[in-house]
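# Coordinates in review
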Amino acid sequence: MLTSALSMLSLCSSLFLSANNSNKDFTPNATFDKLWIDYDVYDNGIKGMKIHVKFTAYQMKDIDGFLAIYFQTDDENSTWLKDKNSKYTSTDGDVAVYRSIKPQFDPAVYNDLDVFMPYSELDLDPGEYDLAMDVKIIFKAGGIISKLTKYYFEYTKPGSTTTPVGGTPGNKITATFKDLWVDFDVYENSQKGMRVHTKFSVSSMKNIDGYLACYFEKKDGTRLTSDNSTYRSKTGQLAAYKLITPSYDQADYNDISVFIPYSEFSIPAGRNDLKIDADLIYKEGGMIQHLKYFDFWINK
């Protein structure tokens with residue numbers, strides 16, 4: 001009887017472990033948390049952007065891999081940017097940048113893994129572009145482990161034929177960001193919403209029309225969209241604008257604000273973690289300078 005009981009206990013234990021193991025995923029994978037960018041930074045004298053990613057890797061202990069970021073156009077065709085000099089490139093010849101990883105723990109939390117991308121290595125002709133980053137974790141030997149996110153951004157390469165009339169040759173417009181704050185639950189024209197305030201100064205923009213542009217995104221960089229022409233960009237992103245035309249070579253804006261109604265946010269019920277991308281742009285389009293990212297949340 002004792003032998004039978006022990007055998008039965010052993011069988012039950014085996015079945016229990018088997019059931020538990022069958023529910024456990026032993027496949028290497030990763031979960032995305034956040035992406036943010038430092039624009040116009042220098043690395044070894046080269047100007048570009050530093051891309052920061054926060055994610056967690058699972059079942060990857062002692063496995064060689066890469067944080068891989070690929071670049072493409074944000075249009076109907078979503079064309080991959082093609083590398084021209086074999087420096088920042090994928091095996092398929094697309095523009096890409098990598099950062100090697102080899103987790104020593106399971107799970108392994110990467111709170112701020114960064115990679116530098118020179119602007120010149122986007123290999124684009126002068127002009128204004130809506131671009132996207134396709135961010136993944138891949139095996140060193142090749143093959144996708146997990147897709148993390150797609151992040152949209154605007155890029156203007158100097159030499160564009162869209163340089164505004166009135167600009168002085170050789171004088172680059174520059175802005176200095178100072179502060180951003182938000183008034184929540186305010187009313188404008190009987191609509192409840194939020195008012196975004198900014199404080200900045202701008203140089204060499206006298207008599208040139210531009211906008212303070214506030215674009216709205218999810219925390220992971222996914223853009224919120226809008227069908228309302230009053231609150232949308234040319235590419236359909238939810239946005240609010242304020243026209244500026246500086247009257248001085250050095251103009252200070254101590255409190256310039258934009259209002260956006262809560263009703264314009266197409267988001268699910270409950271808490272939504274969002275962010276504002278505040279930029280200074282030309283009236284006819286094209287980036288002058290990124291000002292600030294601002295994290296906030298809305299309960300709908």
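Being a predicted model, the structure only gives us computed values, none of them experimental.

Strands sit in the order 1-2-5 across an open sheet of 3 strands; the sheet is antiparallel. Since the sheet does not close on itself, it has two edges, and those belong to strand 1 (29–43) and strand 5 (108–118), each with one partner. If you compare each strand with its neighbour and ignore which way they point, the axes differ by 20 degrees on average. Where strand 2 (residues 46–58) meets strand 5, 9 bridges bridge the pair, whose relative direction is antiparallel.

Our next topic: the sheet that holds strand 11 (residues 239–244). One open sheet holds the 4 strands; their spatial order is 11-10-13-14, and the pairing between them is antiparallel. Strands with a single pairing partner mark the edges of an open sheet, and in this sheet they are strand 11 and strand 14 (287–299). Mean inter-strand twist for the sheet, computed between neighbouring axes without regard to direction, equals 20 degrees. Where strand 10 (residues 210–218) meets strand 13 (residues 271–282), 9 bridges bridge the pair, whose relative direction is antiparallel. Bridging across to strand 13, Tyr215 finds its partner in Asp277.

In the case of a regular strand, side chains alternate between the two sheet surfaces. As defined by bridge partners, strand 13 adjoins strand 14 across 11 bridges and the pair is classed as antiparallel. Bridge pairing in strand 14 places Asn272 opposite Ile298. Linkage of strand 13 to strand 14, two consecutive antiparallel strands, is achieved through a turn of 4 residues, within which Gly285 is found at a positive phi near 105 degrees.

Reading the values: rules and limits
- Residues numbered from 1 in each chain as written.
- Predicted model: local features only at pLDDT ≥ 70, side-chain atom pairs only at ≥ 80, totals over all residues.
- Heavy atoms only, no water.
- Pairing = 2+ DSSP bridges.
- Helix = DSSP H or I, 4+ residues; strand = E, 2+ residues; numbered from the N terminus.
- Axes fitted to C-alpha atoms, helices over the stretch in contact; angles between N-to-C directions.

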